[in-house]
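Residues per chain are reported as follows:
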Amino acid sequence: MQEAIQYLSDKETVFKQIVEKYGMPTIPKRPQGFETLVLLILEQQVSIDSAKATFLKLKAKEINFQPESLITISDEDYRNIGVSRQKTSYIKALSHSIIHNEIDIESLATKSSEQVREELIQIKGIGNWTIDIYLMFSLQAPDIIPLGDIAVKNTIKELLDIHDKLEMENYVAKWSPYRSVATFLLWHYYLNKRNRKVVY
């Protein structure tokens, strides 16, 4: 990581300033597989803490946390533990894809980021943000920046005064091949500035 941070600091002084002020960022890691993808679906557009609480309720309800089990839980039971109708349909769509061999999650680790995106995007409810986070947290892809993430977007606006999405995309290209570490630094700044601690 040191090499990546040095590279980014040479390209962008704000990264150097973030490390000087707040220290080194956390590199989030999550296991590969079905459970992490379910958690990521629950995390869409809500706080990590809120999603984690719902996820733990779901795990307590269904100890055998497998696609075959999660697809049979009724919509009402999902609703009772705080899963929206929309996210229930996403979890069931993911479960269906795995049960019917439309996707092999275990094989994703052997594929390029582009191939992983092409496969996962086919599943209802799994969009680019979810795929970006899975690539970064579970597959340790080194060059991902989720510009659909509110914290990333807002931090770029604040620190670099770039507000247009296309301009952002073009600008962050120069952080390649370490855009994932750039993202961790941006999150690190965002959370520390707000005195927030997040356990990924």
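The structure we're discussing is the one just above.
Caption draft 1: Here's a closer look at the overall build of the protein. Check the secondary structure of the protein and you find twelve helices and zero strands. Taken against the 2.2 N^0.38 rule, which gives 16 Å for 200 residues, the C-alpha radius of gyration of the protein at 18 Å falls within 12% of a compact globule. Summarising its shape, the C-alpha atoms of the protein cover approximately 50 × 35 × 30 Å along the three principal directions. Split into buried and exposed, the 200 residues of the protein put 47% on the buried side.

Caption draft 2: Here's a closer look at the side chain of T36. Structurally, T36 can be placed in helix α3 (residues 34–43). Classification of T36 as buried rests on a relative accessible area of 6%. If near-sequence neighbours (up to four positions away) are discounted, T36 is found in contact with R30, P31, Y134 and S138.

Caption draft 3: Local environment of the packing of helix α2 (residues 13–22) against helix α12 (residues 179–193). The interhelical angle for the contact between α2 and α12, taken along N-to-C directions, is 50 degrees, at an axis separation of 10 Å. With respect to α12, the axis of α2 lies oblique. Note on packing geometry: the crossing formed by α2 with α12 is left-handed. Where α2 abuts α12, its residues F15, I18, V19 and Y22 lie against A182, L185, L186, H188, Y189, N192 and K193. Counted by class, the contact of α2 with α12 contains eight nonpolar, two polar and one charged residues.

Caption draft 4: Broad picture of a nonpolar patch on the surface. A cluster of nonpolar side chains, namely M1, M24 and I27, defines an oily patch on the protein surface of about 230 Å² accessible area. Locating M24 in the fold gives a position in the loop between α2 and α3.

Caption draft 5: Local environment of helix α9 (residues 128–137). Summarising burial for α9: eight of the ten residues are buried, a large majority. Buried residues belonging to α9 abut α3, α8 (113–120) and α12.

Caption draft 6: Representation of the pattern of salt bridges. Tallied over the full model, the rule gives eleven salt bridges. Linking D75 and K92 is a salt bridge whose minimum nitrogen-to-oxygen distance equals 2.9 Å. A residue pair is termed long-range when its members are at least 10 positions apart, and D75 in helix α6 (residues 75–80) and K92 in helix α7 (residues 85–99) qualify at 17 residues. Residue class for D75 comes out partly exposed when judged on its relative accessible area of 41%. When the shortest N-O distance is used, the salt bridge between D132 and R117 registers 2.7 Å. Taken together, the residues span a long stretch of sequence, with D132 in helix α9 and R117 in helix α8 at a distance of 15 residues. Taking the relative accessible area as the measure of exposure, D132 reaches 7% and is therefore buried. Residue classification places R117 among the partly exposed residues on the basis of a relative accessible area of 22%.

What counts, and at which threshold
Residues numbered from 1 in each chain as written. Predicted model: local features only at pLDDT ≥ 70, side-chain atom pairs only at ≥ 80, totals over all residues. Heavy atoms only, no water. Helix = DSSP H or I, 4+ residues; strand = E, 2+ residues; numbered from the N terminus. Rg over C-alpha atoms; globule rule 2.2 N^0.38 Å. Buried < 20%, exposed > 50% of the residue type's maximum accessible area, 1.4 Å probe, protein only. Contact = heavy atoms within 4.5 Å. Axes fitted to C-alpha atoms, helices over the stretch in contact; angles between N-to-C directions. Parallel < 35°, antiparallel > 145°, perpendicular 65-115°, else oblique. Left-handed = near helix turned anticlockwise from the far one by under 90°. Nonpolar A, V, L, I, M, F, W, Y, C, P; charged D, E, K, R; others polar. Patch = residues over 30% accessible without salt bridge, like charges linked within 9 Å, V, L, I, M, F, W, Y side chains within 5 Å. Areas by Shrake-Rupley, 256 points an atom, 1.4 Å probe, with all protein chains shown as cover. Salt bridge = Lys/Arg side-chain N within 4 Å of Asp/Glu carboxyl O.

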